[in-house]
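Secondary and tertiary structure notes
Residues per chain, in single letters:
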Amino acid sequence: MSSHDPLYDPKSDVHALVPPLREALDRARKVLDEKGQENIHDRDAMIRAAYGLHYVLFDLLAALDQAGEQK
(Lines give C-alpha, C1' and ligand atoms only; values in the text may rest on other atoms or scores of the structure.)
Protein backbone atom coordinates (compact mmCIF):
# COMPACT_ATOMS: atom_id res chain seq x y z
CA MET A 1 0.00 0.00 0.00
CA SER A 2 1.39 3.40 -0.92
CA SER A 3 1.43 6.40 1.36
CA HIS A 4 0.16 8.78 -1.30
CA ASP A 5 -2.61 9.24 -3.83
CA PRO A 6 -1.34 9.45 -7.41
CA LEU A 7 -2.17 12.46 -9.56
CA TYR A 8 -3.23 10.07 -12.31
CA ASP A 9 -4.75 6.62 -12.07
CA PRO A 10 -5.31 5.01 -15.48
CA LYS A 11 -7.94 2.69 -13.98
CA SER A 12 -10.20 5.53 -12.88
CA ASP A 13 -9.08 8.60 -14.85
CA VAL A 14 -10.65 8.21 -18.26
CA HIS A 15 -11.89 10.82 -20.70
CA ALA A 16 -15.64 11.26 -20.85
CA LEU A 17 -15.16 13.85 -23.60
CA VAL A 18 -12.03 14.28 -25.67
CA PRO A 19 -11.66 17.87 -26.90
CA PRO A 20 -10.99 18.55 -30.57
CA LEU A 21 -7.26 18.80 -31.26
CA ARG A 22 -7.36 22.53 -32.09
CA GLU A 23 -9.18 23.26 -28.82
CA ALA A 24 -6.74 21.11 -26.81
CA LEU A 25 -3.75 22.88 -28.39
CA ASP A 26 -5.22 26.33 -27.72
CA ARG A 27 -5.99 25.44 -24.11
CA ALA A 28 -2.52 23.97 -23.56
CA ARG A 29 -0.88 27.13 -24.89
CA LYS A 30 -3.11 29.33 -22.74
CA VAL A 31 -2.49 27.38 -19.53
CA LEU A 32 1.25 27.11 -20.23
CA ASP A 33 1.39 30.89 -20.64
CA GLU A 34 -0.66 31.46 -17.46
CA LYS A 35 1.32 29.02 -15.33
CA GLY A 36 4.62 30.33 -16.68
CA GLN A 37 3.90 33.62 -14.91
CA GLU A 38 3.61 32.02 -11.46
CA ASN A 39 6.18 32.62 -8.71
CA ILE A 40 8.52 29.63 -8.68
CA HIS A 41 9.18 30.25 -4.96
CA ASP A 42 5.47 29.91 -4.08
CA ARG A 43 4.92 26.25 -3.22
CA ASP A 44 1.13 26.43 -3.55
CA ALA A 45 1.36 28.18 -6.91
CA MET A 46 3.72 25.48 -8.17
CA ILE A 47 1.35 22.74 -7.01
CA ARG A 48 -1.55 24.45 -8.80
CA ALA A 49 0.63 24.90 -11.90
CA ALA A 50 1.62 21.23 -11.95
CA TYR A 51 -1.98 20.16 -11.49
CA GLY A 52 -3.26 22.49 -14.22
CA LEU A 53 -0.53 21.52 -16.67
CA HIS A 54 -1.14 17.84 -15.98
CA TYR A 55 -4.76 18.14 -17.05
CA VAL A 56 -4.12 20.10 -20.25
CA LEU A 57 -1.40 17.60 -21.19
CA PHE A 58 -3.82 14.74 -20.46
CA ASP A 59 -6.41 16.36 -22.78
CA LEU A 60 -3.83 17.17 -25.44
CA LEU A 61 -2.54 13.60 -25.58
CA ALA A 62 -6.09 12.22 -25.76
CA ALA A 63 -6.89 14.63 -28.62
CA LEU A 64 -3.70 13.63 -30.45
CA ASP A 65 -4.51 9.94 -29.98
CA GLN A 66 -8.02 10.48 -31.30
CA ALA A 67 -6.76 12.48 -34.30
CA GLY A 68 -4.26 9.70 -35.09
CA GLU A 69 -7.02 7.08 -34.98
CA GLN A 70 -9.12 9.06 -37.47
CA LYS A 71 -6.42 8.94 -40.15
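Everything quoted here is computed from the prediction, not taken from an experiment. (Residues numbered from 1 in each chain as written. Predicted model: local features only at pLDDT ≥ 70, side-chain atom pairs only at ≥ 80, totals over all residues. Heavy atoms only, no water.)

**What about the overall build of the chain?**
Helix and strand counts for the chain come out as two helices and zero strands. Relative to its length of 71 residues, the chain is extended, with a C-alpha radius of gyration of 14 Å against a globular reference of 11 Å. Counting only C-alpha atoms, the chain reaches 45 × 35 × 15 Å along its principal axes. Counting across all 71 residues of the chain, residues that qualify as buried make up 18%. Contacts in the chain between residues at least 24 apart in sequence constitute 68% of all its contacts with a sequence separation of at least 6. As presented, the chain carries roughly 5900 Å² of accessible surface, and 55% of it is formed by carbon and sulfur atoms. Within the chain, one finds 9 positive and 13 negative side-chain charges whose respective centroids are separated by 3 Å. (Helix = DSSP H or I, 4+ residues; strand = E, 2+ residues; numbered from the N terminus. Rg over C-alpha atoms; globule rule 2.2 N^0.38 Å. Buried < 20%, exposed > 50% of the residue type's maximum accessible area, 1.4 Å probe, protein only. Contact = heavy atoms within 4.5 Å. Areas by Shrake-Rupley, 256 points an atom, 1.4 Å probe, with all protein chains shown as cover. Lys, Arg positive; Asp, Glu negative; His and termini not counted. Charge placed at Lys NZ, Arg CZ, Asp CG, Glu CD.)

**Notes on the packing of helix H1 (residues 21–35) against helix H2 (residues 43–69)**
One way to put it is that H1 packs onto H2 with a least axis distance of 9 Å and a crossing angle of 160°. The angle between H1 and H2 falls in the class roughly antiparallel. Viewed along their axes, H1 and H2 form a crossing whose handedness is left-handed. Residues Leu 21, Ala 24, Leu 25, Arg 27, Ala 28, Val 31, Leu 32 and Lys 35 of H1 form the contact with H2, whose participating residues are Arg 48, Ala 49, Gly 52, Leu 53, Val 56, Asp 59, Leu 60, Ala 63, Leu 64 and Ala 67. (Axes fitted to C-alpha atoms, helices over the stretch in contact; angles between N-to-C directions. Parallel < 35°, antiparallel > 145°, perpendicular 65-115°, else oblique. Left-handed = near helix turned anticlockwise from the far one by under 90°.)

**Considering H2**
Here H2 is 27 residues long and its end C-alpha atoms lie 39 Å apart, about the 39 Å a rise of 1.5 Å per residue gives. Ala 45, Ala 49, Gly 52, His 54, Val 56, Phe 58, Leu 60, Ala 62 and Ala 63 are the residues of H2 that are buried. The inward-facing, buried residues of H2 contact H1. For H2, the capping residue at the N-terminal end is Asp 42, with a side-chain oxygen 3.1 Å from the backbone nitrogen of Asp 44. (Expected span 1.5 Å × (residues − 1). Polar contact = N/O pair within 3.5 Å; in protein donor to acceptor, adjacent residues only side chain to side chain.)

**So, the pattern of salt bridges**
Under the definition given, this model contains two salt bridges. One salt bridge connects Asp 26 with Arg 22, and the closest N-O pair in it is separated by 3.2 Å. Note that Asp 26 and Arg 22 are positioned in helix H1 at a spacing of four residues, about one turn of the helix. Since its relative accessible area comes to 41%, Asp 26 is described here as partly exposed. (Salt bridge = Lys/Arg side-chain N within 4 Å of Asp/Glu carboxyl O.)

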